Amino acid sequence: MARGKQPGKVQRAPKVHRAVVTHTVDDFEAAFWPDEQPVDNAVVMTMGALHEGHAALIRAARRQVGRDGRVAVTVFVNPLQFGAGEDLERYPRTLDEDVKLAEESGADVVFAPSVDEVYPNGEPQVRVAAGPMGERYEGATRPGHFDGMLTVVAKLLHITDPDFAFFGEKDAQQLAIVRRMVADLDFDVEVVGVPTVREEDGLALSSRNRFLSAEERAHALALSRALFAGRDVAAQGPKAAREAASAALEAADGITLDYLALLDPLSFTEAPDDFQGEAVLAVAATVGATRLIDNVHVICR
């Protein structure tokens, strides 16, 4: 398997071909593996409602595999990731727009299966468990979410059989858990993280941003501002980073904080005050009726 460096941010590539849209595993395999030519291939897994953050993942995947490689984008709203009272039915479904963006960003094939295609025997009885990493922070707020995520990621890795799988760093805990699953269960794939894409004012791109009113969006900027404040003083140590971010959030209006944490990126446990090296400063909060997450990488000394 080819191994490449983590890609940086790249610019939108011009559309050079049409992406093939498939809805069944058989059709996907026929489109994604049209011949036996050995080329690098990559997958970008999404739940649809694609935006520029997803486009950055697809462009990074295209750059990684080159012009002759293959890039697949999966579009599947996975019901196993939604708990009671969460927004499964409310989650936006915009396949036509998703296909257009995926195509413009360099995808060869879009795989948009139905729930019955992914889970032909009904809700799976055997699932991949995220373990302790999946029980804290996002996992504590959304019990079972990461088990559902890993189960579908494992299935899609088997279906797409990629050399590289690209995930956004915005979902830092998800990325950490996927990497742990790949390592622990010996998946033959390289997981590549792509930096968070932000609006000019700092707001992290998210499919859920569309649910924010203008006033709520203004309140939501407090999350990135707090993270940047912590990042700016992280060289003084974890305690300084936490205090700076916390102070910024305390001064903010219109948000209900779930958690603010400075985390060891390998274990996703709270970094002690004497921690040194790269850490993840993460926040989750509700703005209006919309729950948002964000994070930045910081260097503690």
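These remarks concern the structure in this document. (Residues numbered from 1 in each chain as written. Predicted model: local features only at pLDDT ≥ 70, side-chain atom pairs only at ≥ 80, totals over all residues. Heavy atoms only, no water.)

### Notes on the packing of helix H2 (residues 52–65) against helix H3 (residues 95–105)
Here is the rule we go by: Orientation is described by axes fitted as lines to C-alpha atoms, over the contacting stretch for helices, and by angles from 0 to 180 degrees between their N-to-C directions. Where helices and strands are cited, they refer to DSSP runs of H or I of at least four residues and of E of at least two residues respectively, numbered from the N terminus. Each crossing is labelled by how the near helix is turned from the far one, with a counterclockwise turn of less than a right angle marking it left-handed and a clockwise turn marking it right-handed. Working rule for contacts: check all heavy atoms of both residues, and any pair within 4.5 Å makes them a contact. Throughout, the ten residues Ala, Val, Leu, Ile, Met, Phe, Trp, Tyr, Cys and Pro are labelled nonpolar, Asp, Glu, Lys and Arg are labelled charged, and all others, Gly among them, are labelled polar.
Contact geometry for H2 and H3: axes closest at 8 Å, N-to-C directions at 35 degrees. Once H2 is placed against H3, the crossing between them reads as right-handed. The segment H2 lies against H3, with Ala55, Ile58, Arg59 and Arg62 engaging Leu101, Ala102 and Ser105. Residue composition of the contact of H2 with H3, grouped by class: 4 nonpolar, 1 polar and 2 charged.

### Here we look at the pattern of salt bridges
If the charged atoms of two oppositely charged side chains come close together, the side chains can form a pair. This is how the line gets drawn: Here, a salt bridge means any Lys or Arg side-chain nitrogen found within 4 Å of an Asp or Glu carboxyl oxygen. Working definition: with a 1.4 Å probe on protein chains only, accessible area under 20% of the residue-type maximum means buried, over 50% means exposed, and in between means partly exposed.
Summed over the entire model, instances satisfying the criterion amount to 11 salt bridges. In this structure, Arg70 and Asp35 form a salt bridge, with 2.9 Å as the shortest nitrogen-oxygen distance. With a gap of 35 residues between them, Arg70 in strand S3 (residues 70–75) and Asp35 in the loop between helix H1 (25–32) and strand S2 (41–46) connect regions that are remote in the sequence. By relative accessible area, Asp35 is classed as partly exposed at 35%. Two residues, Glu123 and Arg127, come together in a salt bridge whose shortest N-O distance is 2.5 Å. According to the relative accessible area criterion, Glu123 is exposed, its value standing at 56%. Beyond isolated ion pairs, a larger network of salt bridges with shared partners links Glu138, Asp258 and Arg291.

### Some remarks on the sheet that holds strand S9 (residues 290–300)
We apply this condition: When DSSP locates at least two bridges between a pair of strands, those strands are taken to pair.
Judged by pairing direction, the sheet is antiparallel, and its 3 strands sit side by side in the order S7-S8-S9 without closing on themselves. Since the sheet does not close on itself, it has two edges, and those belong to strand S7 (255–263) and S9, each with one partner. Shown here is a sheet whose adjacent strand axes are inclined to one another by a mean of 15 degrees, direction ignored. In terms of strand pairing, strand S8 (residues 277–287) meets S9 through 11 bridges, oriented antiparallel. Bridging from a neighbouring strand, Ala282 pairs with Asn295 of S9. Of the strands in this sheet, S7, S8 and S9 are in contact with helix H9 (residues 238–250), which crosses S7 at around 170 degrees.

### With respect to the nonpolar core
A general feature of soluble globular proteins is that nonpolar side chains tend to end up buried together. How we decide: We call a set of buried residues a nonpolar core when its members are Ala, Val, Leu, Ile, Met, Phe, Trp, Tyr or Cys and they connect through side-chain atoms within 4.5 Å of each other.
Val153, Leu157, Phe167 and Val178 are the most contacted members of the largest nonpolar core, which has 44 residues in total. Those elements that provide at least two residues to this core are H1, S2, strand S4 (109–111), helix H6 (145–160), strand S5 (164–168), helix H7 (172–184), S7 and S8. Broken down by element, the residue count for this core peaks at 9 residues, all from H6. Among all residues touching Phe167, those that are not within four sequence positions of it are Met45, Leu57, Val153, Gln174, Leu175, Val178, Val191, Val192, Gly193 and Val194.

Fair warning: the whole summary comes from geometry, so function is off the table for now.
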